[in-house]
Amino acid sequence: MSKGPGLYSDIGKKARDLLFKDYHSDQKFTISTYSPTGVAITSSGTKKGDHFVADVNTQLKNKNITTDVKVDTSSNLFATITVNEPAPGLKTIFSFRVPDQRSGKVEVQYLHDYAGISTSVGLTANPIVNFSGVVGTNVLALGTDLSFDTKIGELTKFNAGLNFTKDDLITSLTVNDKGDALNASYYHVVNHLTNTAVGAEVTHRFSTNENTLTLGTQHTLDPLTTVKARVNNFGKASALIQHEWRPKSFFTISGEVDTKAIEKSAKVGLGLALKP
């Protein structure tokens, strides 16, 4: 267990990963290669229905500086420069996208035993300023996540969250969308030897009085194979199996059925990630 409370994005992350990570209904292929000089090249392609999108990402590490450059099939170029630990607990990130001239952004993250702060500002004349902060410990943490648009002079995002961790149990409560959505999540490791865990997430939206409940579980069949399953209150049931057929290389099959419309075809997703 880490010492500090982490960043705001860590609140409820364990439950989100259990319930949503690696589930997909498309076909995705990823392959990574590494050169003797330390350059990592990752190529990925995804088929979504009749559309195919692909991108190539190049990563170069030099001491504490990491540079990522990605080009996709839509002729967009994404660049990110990350400086790790210019001072203890500090990380700075500079990113931009071409041809979007308003996409430049500088982000600073700071991690402390009793706090985690992330702030970013757009590199424009009237930027959007983002700030998130968490105070507490690795047991109990309270945080907020804000965005302020200087062009219109208004808060465009206001979220707040609470995270509690005790041994194998993690619970969180967040208020999102300026108070319109209340979200509670639960994550519990049942068996460490088989990596068996259960999780749940419930969201209530006040504007529509709608509730969404998702329940899920995961279990390790053997050291290389993991299965997951989930179901929500709308009758959507999903399952996946992921196998690490060689170190850092994974093959994933996932599927989803609508139990309230069983006559419809099931959605099936395939994923293959290759690393040397």
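Residues take numbers from 1 onward in each chain, read along the sequence in its written order. Two thresholds apply to this predicted model, a pLDDT of at least 70 for residue-level local features and 80 or more for giving and counting side-chain atom pairs, whereas whole-chain, interface and lining totals are computed over all residues. The basis for every side-chain value is the complete set of heavy atoms in the structure, and neither hydrogens nor water enter the calculation.

Caption draft 1: Local environment of the pairing of strand 3 (residues 51-62). Strand pairing is defined by DSSP finding a minimum of two bridges between the two strands. Strands are runs of DSSP state E lasting at least two residues, helices are runs of H or I lasting at least four, and both sets are numbered from the N terminus onward. Bridge analysis of strand 2 (residues 39-48) against strand 3 gives 10 bridges, and the strand direction is antiparallel. Counted as the bridge partner of Thr-42 is Asn-57 from strand 3. What sits between the antiparallel neighbours strand 2 and strand 3 is a turn of two residues, in which Gly-49 has the positive phi angle 65 degrees. By the bridge criterion, eight bridges tie strand 3 to strand 4 (residues 65-72) in an arrangement that is antiparallel.

Caption draft 2: Spotlight on the nonpolar core. As used in this record, nonpolar core signifies buried Ala, Val, Leu, Ile, Met, Phe, Trp, Tyr and Cys residues forming a set joined through side-chain atoms within 4.5 Å. Here the term buried applies to any residue with accessible area under 20% of the maximum for its type, exposed to any over 50%, and partly exposed to those in between, with areas from a 1.4 Å probe on protein chains only. By size, the foremost hydrophobic cluster in this structure holds six residues: Ala-15, Leu-18, Ile-170, Tyr-187, Val-189 and Ala-197. Those elements that place two or more of their residues in this core are helix 1 (13-20) and strand 13 (181-191).

Caption draft 3: Inspection of the environment of Gly-269 at higher detail. Mapped onto the elements of the fold, Gly-269 is located in strand 19 (residues 267-274). The buried category is assigned to Gly-269, whose relative accessible area is 0%. Remark: the alpha-carbon pair of Gly-269 and Lys-28, spanning 241 residues in sequence, is separated by 8.0 Å. Contacts were defined at the residue level, with two residues in contact if any of their heavy atoms lie within 4.5 Å. When neighbours within four sequence positions are excluded, Gly-269 is seen to be in contact with His-24, Ser-25, Asp-26, Gln-27, Thr-252, Ile-253 and Ser-254.

Caption draft 4: Up close: unusual backbone geometry. The amide bond that connects Val-98 to the next residue, Pro-99, takes the cis arrangement and shows omega of 15 degrees. Structurally, Pro-99 can be placed in the loop between strand 6 (90-98) and strand 7 (105-112). The residue Lys-63 is not glycine, and still its phi comes out positive at about 60 degrees. Residue position: Lys-63 is located in the loop between strand 3 and strand 4. Positive phi, normally seen in glycine, also occurs at Lys-178, with a value near 55 degrees. Take Lys-178: it is sitting in the loop between strand 12 (169-176) and strand 13.

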